[in-house]
Amino acid sequence: MCDTFAYVVLNKKTLEKFRVTPGKKFRLKDVDPGWRGDGELKDFSDAELKASAAKVLEENLQDLAAQQAKLYAHDRWSVLIVLQAMDAAGKDGMVKHVTAGLNPQGCDVYSFKTPSAEELDHSFLWRIMRVSPARGKITIFNRSHYEEVLVVKVHPEYLQKQKLPAPLVTKKIWEERYEDINNFERHLARNGTLILKFFLHVSKEEQKKRFLERLEEPDKHWKFSLQDLKEREFWGDYMRSYEEALTATSTKWAPWYVIPADNKALARVLVSNILTKAIEDLKLGYPSVSKEEKAGLAEAHKRLRAE
Ligand code: ATP
Ligand code: MG
């Protein structure tokens, strides 16, 4: 059972299926949030799916930890993971699970909320650039600069708060932002940052189920905010904005992946696998030492032995 699961979720075709092709119009309806393979996983019960996913995730995380150790030692490349999603799609859980086996010293997580007064006094990428990943590190953005073409597009009143000079706020502003974002990400990529962007695609029905759980289970009350219900009313506008943004900003140097997210365990396996494979493709080894350094090491070894 687990073998079938591993085969279906880990094969290359599956991973490519969820990648938004650069330059091609992307339609959300092409990705089923409740995806269960091309039928192969249809008969798995929720419990079976969860158990198989947990096993494969565990293996993925071991591989990821090994890759992270090399990334850190190599100290040239960095990795930026962007997570975007509607409320209750599982961003927090994704961060928790994907980072579970990582060395905390080599990993940073940033959440982006409504901008502060200081942030609004700068260009929209200012707060992002300040925390973009250092060499050797994996940085996760829980929400990101994409909020600027998602929530801000859905609620133009946020744009008014940005104190932009009036002549610069035209109908072209979203196209200009996509362009700025692409150029910014290209700059990072050209300087050694591997960028992977994930949209956790949850269905409206699944969101309702998760909100109800939050309202009905006292231990989950803290997770619910009335604002979440308000944003739900804009579901259609958000989906349109996601389609437009993903179409405009999935690039060769910073691709988007649309991850079916109605099943959290499955979503975590897919993300951890895409991430691990992408770092593996950098083909990092541990840094090698020069002849002189090797001689120094041999000398140190001899001295310690003789102590
Ligand atoms: P959780 O609810 O799981 O704690 P969250 O990411 O939803 O996590 P919240 O504090 O509930 O965190 O919400 C943050 C809000 O800030 C979101 O509604 C998001 O859309 C909004 N936000 C983020 N960036 C911007 C921005 N640049 N302009 C306006 N709103 C933004
Ligand atoms: Mg929230």
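Above: the structure in question.
Residues numbered from 1 in each chain as written. Chains lettered and ligands numbered in written order. Predicted model: local features only at pLDDT ≥ 70, side-chain atom pairs only at ≥ 80, totals over all residues. Heavy atoms only, no water.

Caption draft 1: Broad picture of the overall build of the chain. The secondary structure content of the chain amounts to 14 helices and five strands. The C-alpha atoms of the chain give 22 Å as radius of gyration, which agrees with the globular expectation for 307 residues (19 Å, within 12%). When the backbone C-alpha atoms are referred to their principal axes, the chain occupies close to 75 × 55 × 40 Å. Counting over 307 residues, the chain shows a buried share of 46%. Taking all contacts inside the chain whose residues are at least 6 apart in sequence as the whole, residues at least 24 apart take part in 81%. Carbon and sulfur atoms make up 52% of the accessible area of the chain, which totals about 16900 Å². (Helix = DSSP H or I, 4+ residues; strand = E, 2+ residues; numbered from the N terminus. Rg over C-alpha atoms; globule rule 2.2 N^0.38 Å. Buried < 20%, exposed > 50% of the residue type's maximum accessible area, 1.4 Å probe, protein only. Contact = heavy atoms within 4.5 Å. Areas by Shrake-Rupley, 256 points an atom, 1.4 Å probe, with all protein chains shown as cover.)

Caption draft 2: Representation of unusual backbone geometry within the structure. Not every positive phi belongs to a glycine, and Asp-75 is a case in point at roughly 60 degrees. Here Asp-75 shows up in the loop between α3 (46-74) and β1 (78-85). Phi angles above zero are rare outside glycine, and Ala-88 is one such case at about 70 degrees. Within the element layout of this structure, Ala-88 appears in the loop between β1 and α4 (91-98). Classification of Ala-88 as buried rests on a relative accessible area of 10%.

Caption draft 3: Region of the structure containing the pattern of salt bridges. Inspection of every chain in the model, using the stated rule, returns 17 salt bridges. For Lys-55, the salt bridge goes to Glu-59, with nearest N and O atoms at 3.8 Å. Taken as a pair, Lys-55 and Glu-59 lie in helix α3 at a separation of four residues, close to a single helical turn. Using a relative accessible area of 41% as the deciding quantity, one classes Glu-59 as partly exposed. Here Glu-206 ties to Lys-209 by a salt bridge, and the two come within 3.5 Å at their closest N and O atoms. In this pair, Glu-206 and Lys-209 are both assigned in helix α10 (residues 204-216), three residues apart and thus about one turn of the helix distant. Each of Asp-87, Arg-143 and Glu-147 takes part in a single network of salt bridges with overlapping partners. (Salt bridge = Lys/Arg side-chain N within 4 Å of Asp/Glu carboxyl O.)

Caption draft 4: Local environment of a nonpolar patch on the surface. On the surface, Leu-164, Leu-168 and Val-169 cluster together into a nonpolar patch covering about 240 Å² of accessible area. Take Val-169: it is sitting in the loop between α8 (157-160) and α9 (173-190). (Patch = residues over 30% accessible without salt bridge, like charges linked within 9 Å, V, L, I, M, F, W, Y side chains within 5 Å.)

Caption draft 5: View of the environment of Thr-114. Structurally, Thr-114 is set in the loop between β2 (107-111) and α5 (117-120). Considered as a pair, Thr-114 and Glu-147 are 33 residues apart in the sequence and their alpha carbons are 9.2 Å apart. For Thr-114, the residues in contact, after removing those within four places along its chain, are Glu-119, Arg-127 and Tyr-158.

Caption draft 6: The arrangement of the sheet that holds strand β5 (residues 256-260) in detail. Ordered by their spatial adjacency, five strands build an open sheet running β2-β3-β1-β4-β5, and the pairing between neighbours is parallel. Across the chains shown, the open sheet's two edge strands, defined by having one partner strand only, are β2 and β5. Neighbour-to-neighbour, the strand axes of this sheet turn through a mean angle of 20 degrees, independent of strand direction. The strands that α4 touches are β1, β2, β3 (138-142) and β4 (193-201); relative to β1, the one it contacts most, it runs at about 150 degrees. (Pairing = 2+ DSSP bridges. Axes fitted to C-alpha atoms, helices over the stretch in contact; angles between N-to-C directions.)

Caption draft 7: Spatial organisation of the pairing of β1. Among the eight residues that make up β1, eight are buried, leaving the element largely enclosed by the rest of the structure. The two faces of β1 match: Ser-78, Leu-80, Val-82 and Gln-84 on one face and Val-79, Ile-81, Leu-83 and Ala-85 on the other face are all buried. Pairing of β1 with β3, which is carried by five bridges, proceeds in the parallel orientation. Its bridge partner being in β3, Ile-81 is matched across the sheet by Ile-140.

Caption draft 8: Fine view of the environment of Glu-147. Its place among the elements puts Glu-147 in the loop between β3 and α7 (151-154). Here Glu-147 falls in the buried class, since its relative accessible area comes to 12%. Through-space distance from the C-alpha of Glu-147 to that of Asn-191 is 24 Å; in sequence the pair is 44 residues apart. Excluding its chain neighbours within four sequence positions, the residues that come into contact with Glu-147 are Gln-84 and Val-152.

Caption draft 9: Just the site of ligand 1, in detail. Not every one of the 14 residues close to ligand 1 is listed here, only the nearest: Lys-113, Arg-127, Arg-143, Glu-147 and Glu-148. In the model, an oxygen atom of ligand 1 is placed 3.0 Å from a nitrogen or oxygen of the Lys-113 side chain. Measuring from an oxygen atom of ligand 1, one finds a side-chain N or O atom of Glu-147 at 2.7 Å. When ligand 1 sits alone it has 630 Å² of accessible area, and the protein chains cover 76% of it. Elements with a contribution of two residues or more to the shell around ligand 1: α4 and α7. Class assignment of the residues belonging to the shell around ligand 1 gives a composition of five nonpolar, one polar and eight charged. (Near = heavy atom within 4 Å. Polar contact = N/O pair within 3.5 Å; in protein donor to acceptor, adjacent residues only side chain to side chain. Nonpolar A, V, L, I, M, F, W, Y, C, P; charged D, E, K, R; others polar.)

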